[in-house]
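Overview (structure and organization)
Chain by chain, the residues run as shown.
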Amino acid sequence: MGSPFESKKAGADLNVPRRRRILYVHSTLMPPPVDLSTDRFYLLSGELEGDILQPIWFQSPAQVEAMFGPGSYPVYTAGNFRYHWFLSSTAQGIGNRLATFWFYIRKGLEVYRQRRFECIVAYSHMTTGLFAGALKLLTGTRLITEIATTPHLVYITESPVPDWRHRIRKLYSDISLHLSMLLSNRAHFLFPDQLSPYPLLRKVRNSVFHEFVPVGAIDRPPREENPELYALLVGAPWYLKGADVLIEAFLSLSDEFPEFKLRILGYFPDIEQLRSLAHGSTQIEFLKARPNPEAIEIIRRATVVVLPSRCEGMGRVLIEGMAAGIPLIGSNIGGIPFMIRDQDNGFIVPVGNAPALADRLRRLFTDNDMRHRMGARGYARAHEELNETVYVREFVRMVEATMQRSG
């Protein structure tokens, strides 16, 4: 079988519309899914083509090929996109970071010389966005930067009392944000007014749509398969995600609802500090981080998904919960109110307000019909408005809008 690039070239002679060619600069170390039906770039291949610069936490080519098959290193093809791997580890030192940044520039220019791309898309306004901006200047292409968080709250919401390190990181984030937006032709917002706290950035050209979540692969299990009753929080770090607020709210209800549990799932290096907040309650369980398919099963069987974050761009778990027909509770921060419609598919509570959160938990714990009604509304929205087809359409529209604007 020939490469997808060869197939595309042959199709051009048959008056097939030319696909836009992009370079995606990724920052996450998590490898993409093996199942191509849940890989967003594979799904984007119907409209676009290009290359992805992908750091991953693997440390050897053998680990890559064990997951993606023989010959998948150093380049792995998914539809009309090619992943270019940079082997890394979860514990990055300064030398590893510098090597990653050099990888972005070196490989980006190499790909451009092989076959020019028309547009660069950067995940995150931080260092990834800055290096994507450098590639823009070196290649003369256009740039889209995705805003993956709530910038005015990052770092300073990771601790009850932010120290000088948090504040320096926040300053670096703000500087990077302004530079990235200066270099960008367009931004991908997860919710309207994402940059409204920044006066100089309020007129940034933007496209607003959700992050990619393969909702088609998620379904709600029959209710009779859910013998356990539990509220669920998924995410880390725990203070930023408001786990302490949720524990306080749940403990105030635990005697009233002995049949309910609280489960908190995530990677917590400071787990003992988190455990101490539970005061030995046997109704509270802490679950180690696990692969997404396993996490999805835990989400699918939850009674309610809770995300009382202090900082949040969107909250993928909210879409995953909706796709499984689970009612939601979240704080009035960032993109959460853009996902949760208060009293429709869940409840919105003031950030950090444990009594308000306890009240909404009580209402859902005691009203089975309300849980089913809210879950059904969320399910319909996820599968109709936040599905893979909508994501592909909006992503392509964003690229086209970027290419059609001058400057």
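Structural notes, computed from the coordinates.

Definitions and limits used
- Residues numbered from 1 in each chain as written.
- Predicted model: local features only at pLDDT ≥ 70, side-chain atom pairs only at ≥ 80, totals over all residues.
- Heavy atoms only, no water.
- Pairing = 2+ DSSP bridges.
- Helix = DSSP H or I, 4+ residues; strand = E, 2+ residues; numbered from the N terminus.
- Axes fitted to C-alpha atoms, helices over the stretch in contact; angles between N-to-C directions.
- Contact = heavy atoms within 4.5 Å.
- Buried < 20%, exposed > 50% of the residue type's maximum accessible area, 1.4 Å probe, protein only.
- Parallel < 35°, antiparallel > 145°, perpendicular 65-115°, else oblique.
- Left-handed = near helix turned anticlockwise from the far one by under 90°.
- Nonpolar A, V, L, I, M, F, W, Y, C, P; charged D, E, K, R; others polar.
- Expected span 1.5 Å × (residues − 1).
- Polar contact = N/O pair within 3.5 Å; in protein donor to acceptor, adjacent residues only side chain to side chain.

Things to note about the sheet that holds strand E2 (residues 48–56)
Judged by pairing direction, the sheet is mixed, and its eight strands sit side by side in the order E3-E4-E2-E1-E5-E6-E7-E8 without closing on themselves. Among the strands making up the open sheet, the edge pair consists of strand E3 (75–78) and strand E8 (206–208). Going from strand to strand, the sheet's axes swing by 20° on average, the running direction of each strand aside. Across four bridges, the pairing between E3 and strand E4 (residues 81–87) is antiparallel. Along E4, the bridge assignment pairs Ala78 with Phe81. Against the sheet, helix H14 (residues 388–404) touches strand E1 (20–25), E2, strand E5 (119–123), strand E6 (142–146), strand E7 (186–189) and E8, its axis set at about 140° to E6.

Digging into the side chain of Arg381
Mapped onto the elements of the fold, Arg381 is located in helix H13 (residues 368–385). Using a relative accessible area of 9% as the deciding quantity, one classes Arg381 as buried. Those residues in contact with Arg381 that lie beyond four places of it in its chain are Phe338, Met339, Arg341 and Leu386.

A closer look at the packing of helix H7 (residues 243–251) against helix H12 (residues 354–366)
One can describe the packing of H7 onto H12 by two numbers: an axis separation of 8 Å at closest approach and a directional angle of 55°. Taken together, the axes of H7 and H12 lie oblique to each other. Regarding H7 and H12, the two cross each other, and that crossing is right-handed. Contact residues: H7 offers Val245, Leu246, Glu248, Ala249 and Phe250, while H12 offers Ala354, Leu357, Ala358, Leu361 and Phe365. In terms of residue class, the contact of H7 with H12 is made up of nine nonpolar, no polar and one charged.

A short note on H13
Look at H13: 25 Å from first C-alpha to last across 18 residues, which is about the 26 Å you get at 1.5 Å a residue. Packed against the buried residues of H13 are strand E9 (229–234), strand E10 (260–266), helix H10 (316–323), helix H11 (336–339), strand E14 (346–349) and H12. Between a side-chain oxygen at the N-terminus of H13 and the backbone nitrogen of Asp369 the separation is 3.2 Å; the capping residue is Asp367.

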